[in-house]
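# Chains, contacts and geometry: an overview
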Amino acid sequence: MRVPSRSPGHQPRPAVASAAPARRLPPSAGRRTPPGEPDLAAYRAAVAELLVEVGALADAPSTTARQVLLDQRLREPAIAAVLDATPQGFVGARETLLLEMARYQPNARSSAHDLTALVRIYLLSRIDVLWWRDSGTFLTDGQVDTSTDLVDLEWLRRRGLLAFRYQEQPGTVAGRGLRAVQRRLRPDATPRTAGLRFRRARREVIALLNDLGREFAAIAPPATPPLWVTSLARSAEHQYRLRRLGYAAMVPSGHCLGWAADVELEWYGRFGVRDVLAEVLLARQEAGEINVVDEGQAWHVCLAPTARRRYRRAYEAEMGI
């Protein structure tokens, strides 16, 4: 099987096209690469080009050709520099990706609807673990529930301090039954997600989501529901639980470090503003504030370390601390 050649004709298309107004960036924002850090713009462009080639080899008989392709492309400087700077290193990241691909089985639960999506989610989520490689992982559910680095959202919600919505995962059979009835009666009233297993997040992530929620509300039509968050901090224990259920839960993950969240996108298509929200997120990525991974129904968002201090100050200002 011949590996497709990479020519100038393989140009990645823009992720979305939107008429959303350009966002004024804070003075600290910018695309300059910090000294000694990999060039993330070059990495994302190289990954986009790689995905075109992976898509051409997505059928089962192309397994060997896909591996040859990945062996070649992952060694390119723009990609290798990022993978090498992750805790696993280049070899560990490469072997993990190949193993994920070998084990891949499509299912309705997974955000990786095909091999190309799996590769995209894995490679782009490595930016999270590169950024936060020195952060400790929440290993168990108990650590997420008790960590003083995380704040309970419900306490903030009841005081009107959140500019976004969420829904908790039912913890009982009766709760799951009630949720099923509600969905039958009003199938489009809320996004079709399981809900938050952990309603806790870092203060900086809460401030980021509040900022995104306010910006989205300002540019969306008046009847548009607020920003909807489907996942926040979670434990490595829960991450492996999700993997056993068939979800594309990558390891290691920005969620298990506490710096990532998932934001609903697909549901906003019925209000005509899906691309508007996508543009808001991509503009923040362009500004260097976040990393964004298109996971289909929801988009994964991770706060950049360079924005941490500013959002910590924003949280303290909002909460009157």
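The following paragraphs examine the structure supplied in this document. Since this is a predicted model, take the numbers as computed values, not measurements. (Residues numbered from 1 in each chain as written. Predicted model: local features only at pLDDT ≥ 70, side-chain atom pairs only at ≥ 80, totals over all residues. Heavy atoms only, no water.)

### Some words on the nonpolar core
- Of all hydrophobic cores here, the largest spans 84 residues; its most connected members are L74, L123, L153, L209 and L232.
- Per-element accounting of this core gives the leading share, 12 residues, to helix α5 (residues 115-131).
- Every residue in contact with L153, bar those within four places of it in the chain, is listed here: L162, F164, Y166, L196, R199, A201, I206 and L232.
- Listed in part, the five residues of the second largest apolar core include F138, V144, L150 and A233. (Core = buried A, V, L, I, M, F, W, Y, C linked by side-chain atoms within 4.5 Å. Buried < 20%, exposed > 50% of the residue type's maximum accessible area, 1.4 Å probe, protein only. Helix = DSSP H or I, 4+ residues; strand = E, 2+ residues; numbered from the N terminus. Contact = heavy atoms within 4.5 Å.)

### Observations concerning the pattern of salt bridges
- In total, this model carries 22 salt bridges according to the counting rule given.
- Between R199 and D152 there is a salt bridge, and its shortest N-O distance comes to 2.9 Å. With a gap of 47 residues between them, R199 in the loop between α8 (173-185) and β3 (200-202) and D152 in strand β1 (residues 150-152) connect regions that are remote in the sequence.
- Accessibility expressed as a relative area gives 27% for R199, which makes it partly exposed.
- Overall, D152 belongs to the partly exposed group, its relative accessible area being 24%.
- The partner of E154 in a salt bridge is R158, and the shortest N-O contact between them spans 3.4 Å.
- For E154, a relative accessible area of 9% corresponds to the buried category.
- Among the charged side chains, a salt-bridge network with shared partners connects D211, E215, R284, E289 and R310. (Salt bridge = Lys/Arg side-chain N within 4 Å of Asp/Glu carboxyl O.)

### Here we look at the packing of aromatic side chains
- All told, the structure shown has six aromatic pairs when counted by the stated rule.
- A centroid spacing of 4.0 Å and a plane angle of 10° characterise the contact between W132 and W259, whose relative ring orientation is stacked. With a gap of 127 residues between them, W132 in the loop between α5 and α6 (141-146) and W259 in the loop between α11 (254-257) and β5 (260-264) connect regions that are remote in the sequence. Each member of the pair, W132 as well as W259, carries the same accessibility label: buried.
- Judged by centre distance (5.7 Å) and plane angle (70°), the ring pair of W228 and W267 falls under edge-to-face. Of this pair, W228 sits in strand β4 (residues 227-231) while W267 sits in the loop between β5 and α12 (274-286); the two residues are 39 residues apart in sequence, bridging distant segments of the chain. Of the two residues examined, W228 and W267, each falls in the buried class.
- Within the aromatic cluster, the residues linked to one another by ring pairs are F216, W228, W267, Y268 and F271.
- The ring of F198 has R197 sitting right over it, with the charged end atom 4.4 Å from the ring centre.
- It is R310 that lies over the ring of Y311; its NZ or CZ is 4.9 Å from the centre. (Phe/Tyr/Trp six-rings, centres within 6.5 Å; stacked < 30°, edge-to-face > 60°. Lys NZ or Arg CZ within 6 Å of the ring centre and 35° of its normal.)

### Some details on the sheet that holds β4
- Taken together, five strands build an open sheet; the order of strands is β2-β4-β5-β7-β6 and the sheet is mixed. Every interior strand has two partners, whereas the edge strands, β2 (164-165) and β6 (290-295), have only one.
- Taken together, the five bridges between β5 and strand β7 (residues 298-303) define a ladder with antiparallel strand orientation. For A261, the partnering residue across the bridge sits in β7 and is V301.
- Helix-sheet contacts for helix α9 (residues 203-219) involve β2, β4, β5, β6 and β7, and the interaxial angle to β4 is about 145°. (Pairing = 2+ DSSP bridges. Axes fitted to C-alpha atoms, helices over the stretch in contact; angles between N-to-C directions.)

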